[in-house]
Protein chains: 2
Amino acid sequence: MPTINDVARAAGVSPSTVSYVLSGRRPISAETRARVQAAIAELGFHPHAGARALASSKTNVLALVAPLRVDVNVPVIMQFATAVVTAARSYNHDVLLLTKDEGTAGLERVAHSTMVDALILMDLERDDLRIPALRRLKQPSVLIGLPADHTGIACVDLDFGAAAKAALTHLAGHGHQRIGLVGPSPAVYRRQTTYADRFLTGFLETSAELGLRTVTHPCEPGGEGVRACLAEIDAELPALTALVVHNEEALRPLLDLLQATGRRVPEDISIVAICPRDVAVSMPVNLTSIDIPAHEVGTLAVETAMRLLDGRRVEYTRLLEPSLVERDSCREISTSHR
Amino acid sequence: MPTINDVARAAGVSPSTVSYVLSGRRPISAETRARVQAAIAELGFHPHAGARALASSKTNVLALVAPLRVDVNVPVIMQFATAVVTAARSYNHDVLLLTKDEGTAGLERVAHSTMVDALILMDLERDDLRIPALRRLKQPSVLIGLPADHTGIACVDLDFGAAAKAALTHLAGHGHQRIGLVGPSPAVYRRQTTYADRFLTGFLETSAELGLRTVTHPCEPGGEGVRACLAEIDAELPALTALVVHNEEALRPLLDLLQATGRRVPEDISIVAICPRDVAVSMPVNLTSIDIPAHEVGTLAVETAMRLLDGRRVEYTRLLEPSLVERDSCREISTSHR
DNA sequence: TCGATTCGTCGAAGCGCTTCGACGATGCGG
DNA sequence: CCGCATCGTCGAAGCGCTTCGACGAATCGA
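The notes below deal with the structure included here. (Residues numbered from 1 in each chain as written. Chains lettered and ligands numbered in written order. Predicted model: local features only at pLDDT ≥ 70, side-chain atom pairs only at ≥ 80, totals over all residues. Heavy atoms only, no water.)

Turning to the interface of chain A and chain B, a few remarks are in order. Across the contact, 40 residues belong to chain A and 40 residues belong to chain B. Interface of chain A and chain B: buried area, both sides summed, is about 3700 Å²; carbon and sulfur atoms make up 67% of it. Ranking the residues of chain A by area buried against chain B places Met78, Leu97 and His112 of chain A at the top, with a combined share of 16%. Across the chain A-chain B interface, the total number found is six salt bridges. For the salt bridge of Arg252 of chain A with Asp256 of chain B, the shortest nitrogen-to-oxygen distance reads 3.1 Å. Joining chain A to chain B, the criterion identifies 14 residue pairs in polar contact (both at pLDDT 80 or more). Those elements that provide at least two residues to the side of chain A that touches chain B are α4 (49–56), α5 (74–90), β2 (94–99), α6 (103–112) and α12 (248–260) of chain A. Take the side of chain A that touches chain B: its biggest share by element is 10 residues, from α5 of chain A. Taken together, the residues that form the side of chain A that touches chain B break down as 22 nonpolar, 10 polar and eight charged. (Contact = heavy atoms within 4.5 Å. Buried area = accessible area lost by both parts, 1.4 Å probe. Salt bridge = Lys/Arg side-chain N within 4 Å of Asp/Glu carboxyl O. Polar contact = N/O pair within 3.5 Å; in protein donor to acceptor, adjacent residues only side chain to side chain. Helix = DSSP H or I, 4+ residues; strand = E, 2+ residues; numbered from the N terminus. Nonpolar A, V, L, I, M, F, W, Y, C, P; charged D, E, K, R; others polar.)

Listed below in structure tokens is the structure:
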């Protein structure tokens, strides 16, 4: 592997000049620059990342902490990861992948040993223990999610409260008054994953505002869980006309179940789902849905990290507007039925 | 951030002694070691990764190149990634995540700039362009997959040929003679992803060996693709009694379709799936399946990388035995029906 | 009892880069 | 026409660690 010295010698300049050609931090004449670049190309020179990190205290690496346990939401997580890696590359950064289950220790390890310039975390819990740890790090971090006390830490996410509101408003606008919420699995609530809470709160508030009759229920994964959940919802709110589904996994079995029990979508029951677009359109009925904009959120998280790194101002809480896309799972209820 | 010098001063020893305590490469007396460790703990010292990499030419980082485009097989990819990260951590390594679509350039970038000690790639194609590039790197690499010419590069994967054989043998053993293969999507074949080829070849060979009547077909994703695929298979091989499904995405819609058209599993048609265990048991019928042992493969890949790194012998082609698990989707055909 | 080992520690060199201060050569305004 | 700023380049220091050779002290076999 050639070093910067080899390049310097080949180009007949000093190593520092090569460095300045590379970084552009000082003016270099066009001829010199050309000669240096030729030497770089010819020798196939690539600066040594470790040496660079040591000398400049910048690694050009971002940590991405993902919940890799294959429990829920696999496709969404994947989309976030993809977006983050892609965005990071566009800023000339790489991504170090950490699993959530290394917990606080993992964060401290990579931060203290200066392996990364910034951290991006997903799947935050309401009172996430990692937050205080993050505050102690010298590297900035960006959260995908919105834990309870996030003062001083940048957060990016879909506005799940607004999403709930949008879903209910849409349904109410179509004449629906009796609406059930099929929520995430109890495990998600138990962990107090922040989006679940925020969605539920938004749901209840809007329900009250609009004077709707609603009932909410978490939903265990699997066909059995869906059956149980729907049974309870039906029992507590007979003759409901619409369902909001905030649970990707439940979607498919739910539709199967409705079909098996002779309830047609949207003729007998309307549905608004909160899920990625491609999930919504891969169902037997194309679902009216509110997208989880993983790509935007991931990209925005990286962008925020970059701003933080070069000391620019950032919005510390950035909640993306939900957007509801009408497809084929909601119908207008005639007034007489209300 | 304290440095090794701070620790040395605090413990009243030289920096090199601290280093030897850390690495264990030279004997250090118990007292000195204790004093040094106390100092490390008290100061919260963490060695600087870049400095370490520079001095030792080891980064303790592995590159994982994953197909992050959300096309197919998301859960399996996720499982591989999880296994790789977890295994890497157990060897005190971290994982740098690269996307496949950076291609050769990405590999060269991280390798030449000495960001990683070794590379692990997944989703290899038959004549993958990255292979020659890998050969030129000074870092070793491990492939998850088995491209055509892999001389000198370690490969780890499920033995898909044997898997096909196991599936057919199982079905033949239950009296099935007319069997269809629902293959991966045409896109997968087009890319010549290695597992698809290997499975198909094994399927055809075994079919001939056992004197079976078989027909094979790729299967486009989505309900429509499945419908078309099944129609063609039915047309080419009427009265088939069993299906081998090597296509995770197709599984669900296929079962839906069979049910909708009144073909019961396993009464009217038997199924053997090649898919992760949890997919097999999350279907309406628990499927007899051959597991894709993502965890084992991922772990083995890391292990192989580690052996390569410290110069131990490795098996350059390691194909894991498939194991078929009987569940509820295959039934014995009485001889009279044959 | 003595030379040869082994043990435990130190000092210094060096890994490959960035960055700061310095300095001659230009270009400019007055 | 001179002083000053700017341009383009260089040399050297230093980032924090590992590792090699050296060396006194303790240990050992004969």
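Moving on, we get to the protein's contact with DNA strand D. Neighbouring DNA strand D are 29 residues, the closest being Thr17 and Thr32 of chain A together with Ile4, Tyr20 and Arg26 of chain B. What you see for DNA strand D is that sugar and phosphate hold 53% of its atoms within 4 Å of the protein. Ala51 of chain B has a polar backbone atom sitting 3.5 Å from a base nitrogen of DNA strand D. When contributions to the surface near DNA strand D are tallied by element, the ones reaching two or more residues are α2 (15–23) and α4 of chain A together with α2 (15–23) and α4 (49–56) of chain B. Here the surface near DNA strand D takes five residues from α4 of chain B, the largest share from any one element. The residue makeup of the surface near DNA strand D, split by class, is 13 nonpolar, 12 polar and four charged. (Near = heavy atom within 4 Å.)

Time to look at the environment of Gly180 of chain A. Residue and element names in this part refer to chain A. Here Gly180 shows up in strand β6 (residues 178–182). Placed 37 residues apart in sequence, Gly180 and His217 show a C-alpha to C-alpha distance of 7.9 Å. Apart from residues lying up to four places away in sequence, Gly180 is in contact with Phe203, Val215, Ile233, Leu237, Leu240, Ala242, Leu243 and Val244.

All right, on to the relation of the copies chain A and chain B then. Placing chain A over chain B gives an RMSD of 0.0 Å and needs a rotation angle of 180°, together with 0.0 Å of translation along the axis. Such a combination of turn and shift is consistent with a two-fold rotation axis. (Least-squares fit on C-alpha atoms with pLDDT ≥ 70 in both.)

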